[in-house]
Amino acid sequence: MTDYDLVVAGGTVVTASDMYRADVGIVDGRIAAVGTGLRGQRTVDAQGLLVMPGGVDSHCHIEQLQAGGGADEETFITGSTSALAGGTTTVITFSTQFKGHGILKPLAEYRRRAAKAMVDYTFHQIITDATDEVIFNEVPQVVASGVRSLKVFLTYDPLHLDDRQFIRVLAAARRTGALVTVHCENYEAIRWRTAALLADGRTEPKYHAWSRPAVVEREATHRAIALAEMVDQPIQIFHVSCPEVADEIVRARARGLKVWGETCPQYFVLSADHMDRPGFEGAKFMCSPAPRDAAASEGLWKLVRDGVLDVVSSDHSGWSYDSPVGKRANGTGAPFRDIPNGVPGLGSRLPILFSEGVSKGRIDACTFVRLTAFNPSRLFGLYPRKGTIAPGADADLVLWDAAKRVTMTNDLMQHIIDYTPYEGMEVTGWPVTTIRRGEVAMKDGIVQAQPGSGQFLARGPYDMIRPTGNVPFGFDASTFLV
Ligand code: DUC
Ligand code: ZN
Ligand code: ZN
């Protein structure tokens, strides 16, 4: 007689708060028990391994629809493969809006594409055009369908919102019970600096960092927080690149605001110097905000330890290096302004954070789990189904060999993108098995999940993102449809 479909036996279970030797018993894709001496129809031997919740990557761009038709190179199949290879079992990707159009049609098309996923998934809804129809009619429908987070850009043509439009999105989120995530950089400041750099003939990839120094990120972060405070709407600041930006979050929290901060592996291990490589090579490292310097990277570790930055996502946004639809879309002589931004990171997120963080003694394994699975699950309404190892949770697990040393190569990433910015980097600690809802989805680098086996995660209302109730003069302007 066996009690479980599958038992993951003899490993060291790691959650956001504990680390202990135990077996994990799984029935019907869910965790049924955590204990000792469990017996199952099948057993996965986890002796000598860490058993952690499958990664939750709450910010990655996969098969995102493009304005000219078509979508990003990374498909839901290749993106899922990379995610599973790297120990991630849940992703939050982006349904987009094109100026002059609504959000319902692209969302329907995006859901159709996402149905091929092999990881579980949900979306953030990007708003680029805050029209009355979108704000008052479509956003409520999208949120009711389970897409309970909105995303806005304060920079980028043609995506950015001005302050009034941003306020309208904040108010819509407050009315509908959604979280707002924000890309914080000052649009006009970047335009002005870019024009000056190009007028001076400074066109190479390295000038990408010069065009958007930390102060433009800090200013926009300060403004985003102030406007969210005025509306009393919880927000998450995306991809914080350095401590001076995170300081804005520290100050906001001291005022009692619900403001959360995310950072990404690239800000721990890349710097502006990477963009200063000969020829076009620097394009491989171009992302926004731009990576800063070693001091900024080192400072981020204290911020993740202290919980100021409580999520580490990938911001996977792959553009192949050697392809006419990737970094070279406008030629290898293109000025930095015309080179697509973004670096791939679905498969490398967990190994880099574990190696640089846990293996080098900067964070402990529980903090690693908090940053990569537990906190994103809670913040985006997926907890306790995702992000923990406890009875009732989905049996999403990554079995981790903490001693395994690996030289990262693009082949190991298993994404569609033709490069990784981390080629040749030595890491200690590697995912050897990924289990998604009780199914072994990756073993020793071989991904065996079937296309379409991922599930859409509809997110209902949850307490964590409830507004505080503090509005200036006690006047809740968001209840008026303006
Ligand atoms: N920055 C973003 O904001 N999105 C995708 C890629 C990037 O570098
Ligand atoms: Zn962004
Ligand atoms: Zn992004």
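Located above this text is the structure these notes cover.
Only a predicted model underlies this, so the values are computations on that prediction, with no experimental measurement involved.

Turning to the coordination of the zinc ion (ligand 3), a few remarks are in order. Four donors placed tetrahedrally around a metal ideally meet at 109.5 degrees, and six donors placed octahedrally ideally meet at 90 or 180 degrees. His59 (NE2), His61 (NE2) and Asp315 (OD) make up the full set of protein donors to the zinc ion (ligand 3), lying at 2.0 to 2.2 Å. As a motif over one chain, the donors of the zinc ion (ligand 3) read H-x1-H-x253-D. Between the zinc ion (ligand 3) and the zinc ion (ligand 2), the interatomic distance is 3.7 Å. Histidine 61 carries the same exposure label as histidine 59, and that label is buried.

This paragraph deals with helix α7 (residues 214-231). For α7, which comprises 18 residues, the first-to-last C-alpha distance of 26 Å matches the rise-based estimate of 26 Å (1.5 Å per residue) to within 8%. Of the residues making up α7, those classed as buried are Ala214, Val216, Glu217, Ala220, Thr221, Arg223, Ala224, Ile225, Leu227, Ala228 and Val231. On its buried face, α7 sits against α4 (163-176), β10 (179-183), α5 (187-199), β11 (235-237), α8 (243-254) and β12 (259-263). After α7 finishes, the residue aspartate 232 shows a positive phi value of roughly 60 degrees.

The subject of this paragraph is the packing of helix α11 (residues 349-359) against helix α12 (residues 365-379). Close contact between α11 and α12 brings their axes to 10 Å; oriented N to C, the two are set at 145 degrees. α12 is crossed by α11, and the crossing has right-handed handedness. Along the contact surface, α11 presents Arg349, Leu350, Leu353, Phe354 and Val358, while α12 presents Ala365, Phe368, Leu371 and Thr372. Its residues assigned to classes, the contact of α11 with α12 shows seven nonpolar, one polar and one charged.

On to the site of ligand 1, then. In the vicinity of ligand 1, the contacting residues are His61, Tyr156, His183, His239, Cys287, Ser288, Asp315, Ser317, Asn341 and Gly342. At a separation of 2.7 Å, an oxygen atom of ligand 1 approaches a polar side-chain atom of histidine 183. Within the side chain of histidine 239, one N or O atom sits 3.5 Å away from an oxygen atom of ligand 1. Look at ligand 1: alone it shows 240 Å² of surface, and the protein chains cover 93% of it.

Cut-offs and rules
- Residues numbered from 1 in each chain as written.
- Chains lettered and ligands numbered in written order.
- Predicted model: local features only at pLDDT ≥ 70, side-chain atom pairs only at ≥ 80, totals over all residues.
- Heavy atoms only, no water.
- Donors = N, O, S within 2.8 Å, 3.2 Å for Na, K, Ca; no water.
- Buried < 20%, exposed > 50% of the residue type's maximum accessible area, 1.4 Å probe, protein only.
- Helix = DSSP H or I, 4+ residues; strand = E, 2+ residues; numbered from the N terminus.
- Expected span 1.5 Å × (residues − 1).
- Contact = heavy atoms within 4.5 Å.
- Axes fitted to C-alpha atoms, helices over the stretch in contact; angles between N-to-C directions.
- Left-handed = near helix turned anticlockwise from the far one by under 90°.
- Nonpolar A, V, L, I, M, F, W, Y, C, P; charged D, E, K, R; others polar.
- Near = heavy atom within 4 Å.
- Polar contact = N/O pair within 3.5 Å; in protein donor to acceptor, adjacent residues only side chain to side chain.
- Areas by Shrake-Rupley, 256 points an atom, 1.4 Å probe, with all protein chains shown as cover.

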